[in-house]
Structures are given as structure tokens and as C-alpha cells.
Amino acid sequence: MKKIHYLLFACSLFLVVACDKGFEDLNKDPNSLTADGVEPAGIFTYAQLRTAQSKGEQTSNLYYCVPFVQHMASLSDIGIFNYYGDKYVYHKDDNEVLWKKTYGDFAGPNCDKLLVDVLQLTKDKPEYFNLYQMARIWRTVIYTRLTDMYGDVPYSEASLGYYQNIYKPKYDTQKDIYYGMLSELEDATAKLDANEASIGEADIAYKGSVAQWKKFGYSMILRLGMRLSKVEPSTAEAWVKKAYAGGVFTANTDNMRIKMTDAKGAVEDLCNGDSWLFSFKQPIPGKISKTFLDFLKNNGDPRLTYTVAVYTDPTDVSTKNTDPAIQKGLPNGLNATTVLTDLSYDSSNPAGVHQYSAVNFDVYGKLDGIRMFLTCAEVKFMLAEACVRGWISGDAKTFYDEGVHAAMKHLAMYDASAVISDTEINNYLAAHPFVGTADVGKALEQINTQYWAATFMNGYEAYANVRRSGYPVLTPVNYPDNETHGTYPRRLRYPNDEPVYNLDNYKEAVARQGADSYTTRVWWDKE
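Bear in mind the structure is a predicted one, so any value in this text is a computation, not a measurement. Every chain begins its residue count from 1, and numbering advances along the sequence as written. Residues qualify for local features only when their pLDDT is at least 70, as the model is predicted, and side-chain atom pairs are given and counted only at 80 or more; totals for whole chains, interfaces and linings, by contrast, use all residues. Side-chain metrics in this entry use all non-hydrogen atoms of the structure; hydrogen atoms and water are not considered.

Right, let's talk about the pairing of strand E4 (residues 256-259) for a bit. Accessible area is worked out with a 1.4 Å probe on protein chains only. A residue is then buried under 20% of its type maximum, exposed over 50%, and partly exposed in between. Strands here mean DSSP runs of E at least two residues long; helices mean DSSP runs of H or I at least four residues long; both are numbered from the N terminus. Only one face of E4 is covered, namely the face carrying Met256 and Ile258; the face carrying Arg257 and Lys259 is uncovered. Any two strands with at least two DSSP bridges between them are considered paired. Relative to strand E9 (residues 370-374), E4 is paired through four bridges, and the arrangement is antiparallel. Bridge assignment links Met256 to a residue of E9, and that residue is Leu374.

Quick look at the structure:
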């Protein structure tokens, strides 16, 4: 903790000094932390924190992606937050915040620049050999979610203003980005060496464990390889085989997650950003989508009790009721007026709009809670799909069952009370057995619907996989003046200032990719 707090102090000190816009600053790195004597391992720590804590960035995840996949819904004008993805409407700040946090123009050092600094400071230095590889792998984490949300983005020339005087980076094609990330992952993961120096506690995910980082690297290759299944199935197959042979996640202890450290919210950079938003108002203004809740309830899913709750008093969190019988999801696309005439609304209920279920705050509302990036459950479901497609050997049913088991068990990582027994899981699987591989379409639907359920609260991944797989089949909303004319959204728009600061490269990307709109598909999202 001393290291983290020192680093945050160093960042704060830098930000104060950086306010001086004199000519003496022209030859200084505007984001470098090294002048304050921070070691590269400390910068890496902060890069992990900045990626995970999600202050600001969480609005892209929570306000767009989570309702895009109909995990949550909102009545728009309830509370102080709006889940814009529930209505497919545009909101400048929340549409742009992931981009800004990645590249800059957001409070604190941006994620990509921190990692570029680490890479520049550690390359070809034996004492930082493993740190260099870990930074390369972590950079694919931030770029996977960025390119999945926007499509073509600056990648090969990004964050090199200080090092190479590139201030208007080109937009790489998503194909080149994916090929580049896969190559980086393959090389960096293979080179990790347990005999080289460890960064230990500076790695807040795996404490410097090379074995864990190798599993994570190969699991990321599996994720990125599977992402290409529509656009380049043969390429996808080749990478999936490499990942499987390399060694991927096998247990929930492998899950890539970052646990935040500030349970009281005194230091926002040390808080879970989603929970930080939830904490402003209880019960949570966003409600659970009818689509998601019906899936849990109609299937007798034991996750229901720990995932959702009804808060009948909007000012008192102690009114929580987790009885499955009374849980009710909010249909997507309604507002505070139209919900009153919706068939789901019970006008006799004194709780009014709070008759609808919200997130279980005790499980998902912890300010020092975890942020999941990649889980064993996801890996098992991807392997099940790879078996169905004939890409790897093995038993699809075994992988599917293991995926369901891991998904239900990992809830306890959010809160120790969220324990689902083996008996409950086995009963669920007996009631909902794997459909088999004879009907490939049904098998892929079942696997990817479970993937969707397993990625609750990780909207970036859930949204990407829904677009890739087509499952579950979601009914789009058609709210007035939405961005898609009632069709399912395929991406976010570029920031409004990109045509101002990087016009030529922006225009080239739009001409190549398609209109800068929510309906333009990214490269791997082939029709």
C-alpha cells in the first residue's frame, strides 16, 4: 500500500507541476512519472489500477455496454445517472470516456501512455525482463476493449509523441490491430521466464507469478482468436489451437481480476468505479433488465439470489429482498412515463418503479470490490465452442459443464456470502443439460448464452461476444431519436474532437471503415 500511495502522490505532484505551460516543458514527457523517481514496476502497478478502477471509464461499460446486452435497464430520469445504452441514445462524455482514458484528456495519466513508459524503460534491460513481457500483455487488455468499441483506432503510433514526435497517430485497421495483439501475446507469453527477476507485489493481479501470467497470456490469445470466428474462421482456428496447446485457465483461481483497496471511497483511484457510481444513490438507479432476469428466473438459476435484489425504499438499502419469487426485471427502452402503462408495471405496488429488481449491492456494490477481466468460465465456454466447431479435441459437454460450474462459483469472489453449492450446480446442469453437437446452431446458442450470463458486469466482453456469436438473440429497442433507428448498435462513435486534432487520419479511417455511427460494424463483426 505504501508503494501505491507514493505513486499516487507522485502522480498528483506531477499534475500540479504540469499546469505550468512555459516553454521549458516542451522537451519534457507530459505524462512521465519517472522524474519523480518511480520505478517502472510502480508505473505498471498504476497502469493496472487505472485500467481496473474505472473512474470515469465505467460509464462506457455500465451506461453503454451493460444495457446494450440487456443485463440492465433504466428509466432514464430516475436518480442522477442515465444508462444511455438502454435507449441507444448518444451522450458525448460517456460515448468518449473510454477513448479519453486510454489516450489522454482525462483526469490522471492515461493507461496507454503509462504502459508505453514502462515498455520504453524496461526494453533490453535484463532486470526488467518479465515486467517488459507483462506490460506487453497488459497493453492488449486495454486495446482489445478499445478497438472492440470503436473499430479502427490509433495503435502502432499511439502514445509516441514524447518518444518519436508523433502527435497525430494513424488509425490502424482493426485487422492489423488484432494481428498485432496476437503476435505480441504469443511472443511475450512464450518469453516469460520464472528464472528471471520477479516484480512481486508490484503486480497487483498475480504477484509476479510467471505461471499465472502465462495462463493469462494464452487465455487472451484464445479470446482474441475466437473473436475472429466470423470474419476469418481459419485464422481463428489456428490461434485457438495455439492457445489451447500453450495452457489456458483451468480454475477460478486463475481469473484475471483486480481487487481495489479503498472500502470507504476516500481515494477514488483506489475504488471500484462501478461500485463508486452505485454508492451515490441506493437503491441503484439502474434496474436489472427483464431479458436477463427472466433468463435467471425461468431457468431456476441459483445465481439469482446473489445477483439481484428488490429495494422497496429508495432511501434505505436495508429494505433489500432477495426472494426469487418477487424479483422482476425492467423491460429495456422505457422511461418514467411509458413504464406506467407497460404490462410489467403493477400500479398497486406502493414501491412504484422500485418494484423492479436492482443489482445486489452487497455483492456488486463494494468500493473495494474486484473487477473481472477474464475468467475461467469464459475460457471453458470458448473451449466448448472450439470443440463444437471441430477446432480442438476434447469433449464439448465437459467444457460446457465446467464453464457453468466456474461461472456460478466465481460469484463468491465478489462476496464471500455468494456461495453456490456443488449440489445446486449439479441440479441446474441436470435440468439444463448440454444439447450436444449434432445441432451446431443450438450448441453455439446454448454455450454463448451461458457466456453472456457469466460476463455480467463485464459489459465490454459481453457486448463483444454478443456481436460475434449472435447469442443470445436480443430484441432491439426503438426509443425516440435513438442512434440506430431501432437496430442493434454495433459500435460507439469517435470523439467529437478527433476531426479537429487528427482530421486526415480520422477521415481516412471513416472512409475505410464506414460512417462514424453506431450502426457501422467493426471488422470482425462481419454480417
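Time to look at the nonpolar core. We define a nonpolar core as any set of buried Ala, Val, Leu, Ile, Met, Phe, Trp, Tyr and Cys residues linked to one another through side-chain atoms lying within 4.5 Å. Grouped together as the largest cluster of nonpolar side chains are 144 residues, with contacts concentrated most on Phe44, Trp138, Tyr143, Tyr150, Trp213, Phe216 and Met256. Broken down by element, the residue count for this core peaks at 12 residues, all from helix H6 (residues 129-150). Listed in part, the eight residues of the second largest apolar core include Leu75, Leu330, Tyr345 and Val353.

Inspection of the secondary structure puts Arg371 in strand E9. Assessed through its relative accessible area of 6%, Arg371 is described here as buried. Measuring from C-alpha to C-alpha, the distance between Arg371 and Gly273 comes to 9.0 Å, with 98 residues separating the pair along the chain. At 3.1 Å, the side chain of Arg371 forms a polar contact with the backbone oxygen of Ala52. Definition of a polar contact: a pair of N or O atoms within 3.5 Å, with one able to donate and the other able to accept a hydrogen when the atoms are protein atoms, and with sequence-neighbouring residues admitted only if both atoms are side-chain atoms.

Let us look at the packing of helix H5 (residues 111-122) against H6. It is at 9 Å that the axes of H5 and H6 come closest, and there the two elements cross at 160°. Taken as axis vectors, H5 and H6 run roughly antiparallel relative to one another. Viewed along their axes, H5 and H6 form a crossing whose handedness is left-handed. Only Leu131, Tyr132, Ala135, Arg136, Trp138, Arg139, Ile142 and Tyr143 of H6 make contact with H5, whose side of the interface consists of Cys111, Asp112, Leu115, Val116, Val118, Leu119 and Thr122. Basically, the charged four are Asp, Glu, Lys and Arg, the nonpolar ten are Ala, Val, Leu, Ile, Met, Phe, Trp, Tyr, Cys and Pro, and anything else, Gly included, counts as polar. A breakdown of the residues in the contact of H5 with H6 according to their chemical character gives 11 nonpolar, one polar and three charged. To obtain each axis, a line is fitted to C-alpha atoms, and for helices this fit is confined to the stretch in contact; angles are then taken between N-to-C directions over 0 to 180 degrees. Roughly parallel means an angle under 35 degrees; roughly antiparallel means over 145; roughly perpendicular covers 65 to 115; every other angle is labelled oblique. Note on convention: the crossing is left-handed when the near helix lies turned anticlockwise from the far helix by less than a right angle, right-handed when the turn is clockwise. Contact criterion: two residues are considered in contact whenever any of their non-hydrogen atoms come within 4.5 Å of each other.

Further remarks concern helix H15 (residues 376-388). Relative to the 18 Å expected for 13 residues at 1.5 Å per residue, H15 spans 18 Å between its end C-alpha atoms, a close match to the ideal helical length. Among the 13 residues that make up H15, 13 are buried, leaving the element largely enclosed by the rest of the structure. A positive backbone phi angle near 80° is found at Gly390, which sits one or two residues after H15. Multiplying 1.5 Å by the helix residue count minus one yields the expected span of that helix.

Here the distance between the centres and the angle between the planes together describe a pair of aromatic rings. Only Phe, Tyr and Trp rings take part, Trp by its six-membered ring, and two of them pair if their centres are within 6.5 Å. Stacked means planes under 30 degrees apart, edge-to-face means over 60, and tilted covers everything else. Evaluated as defined, the whole model comprises 35 aromatic pairs. For the pair Tyr64 and Phe68, a centre-to-centre distance of 5.7 Å together with 55° between the ring planes defines the contact as tilted. Placement of the pair is Tyr64 and Phe68 together in helix H3 (residues 58-68), with a separation of four residues, close to one helical turn. The two residues Tyr64 and Phe68 agree in class, both being buried. Definition used: whenever NZ (Lys) or CZ (Arg) falls within 6 Å of the ring centre and also within 35 degrees of the ring normal, the charge is taken to sit over that ring. Seen from the ring of Trp524, Arg227 lies directly overhead, with NZ or CZ sitting 5.7 Å from the centre. In this structure, Lys328 is placed above the aromatic ring of Tyr356, and the distance from its NZ or CZ to the ring centre is 5.1 Å.

Should a side-chain nitrogen of Lys or Arg be within 4 Å of a carboxyl oxygen of Asp or Glu, the pair is scored as a salt bridge. If you walk through the whole model with that rule in mind, you get 35 salt bridges. One continuous salt-bridge network, built from bridges that share partners, spans Asp148, Arg223, Arg227, Glu378 and Glu461.

Take empty space enclosed by the protein next. Detection works on a 1 Å grid of protein atoms alone, calling trapped sets that fit a 1.4 Å probe cavities and calling open sets with protein on both sides within 12 Å along at least five of seven lines pockets, with lining residues defined by an atom within 4 Å of a point. Grid points are joined across faces, edges and corners, and a volume is the space filled by probe spheres set on the points. Inspection of the entire model under this criterion finds four cavities of 30 Å³ or more. Of all elements in the fold, only H6, helix H9 (210-227), E9 and helix H19 (459-469) reach the threshold of two or more residues within the lining of the largest cavity. Split by residue class, the lining of the largest cavity holds seven nonpolar, two polar and six charged. Looking at the second largest cavity, its volume works out to about 140 Å³. For the second largest cavity, the lining is made up of 15 residues, of which Asn272, Tyr364, Ile370, Arg371 and Tyr414 are closest to its centre. For the lining of the second largest cavity, the secondary-structure elements that each account for two or more residues are helix H11 (273-278), helix H14 (361-364) and E9. By residue number, the principal contributor to the lining of the second largest cavity is E9, which donates three residues. Here the lining of the second largest cavity is composed, by residue class, of seven nonpolar, five polar and three charged.

Looking at where Tyr143 falls in the secondary structure, it is placed in helix H6. Separated by 11 residues in sequence, Tyr143 and Pro154 have C-alpha atoms that sit 9.6 Å apart. Ignoring any residue separated from it by four or fewer positions in sequence, one finds Tyr143 in contact with Tyr103, Asp112, Val153, Pro154, Tyr155, Ala158 and Met181.

Read these as layout, nothing more, since geometry by itself doesn't imply function.
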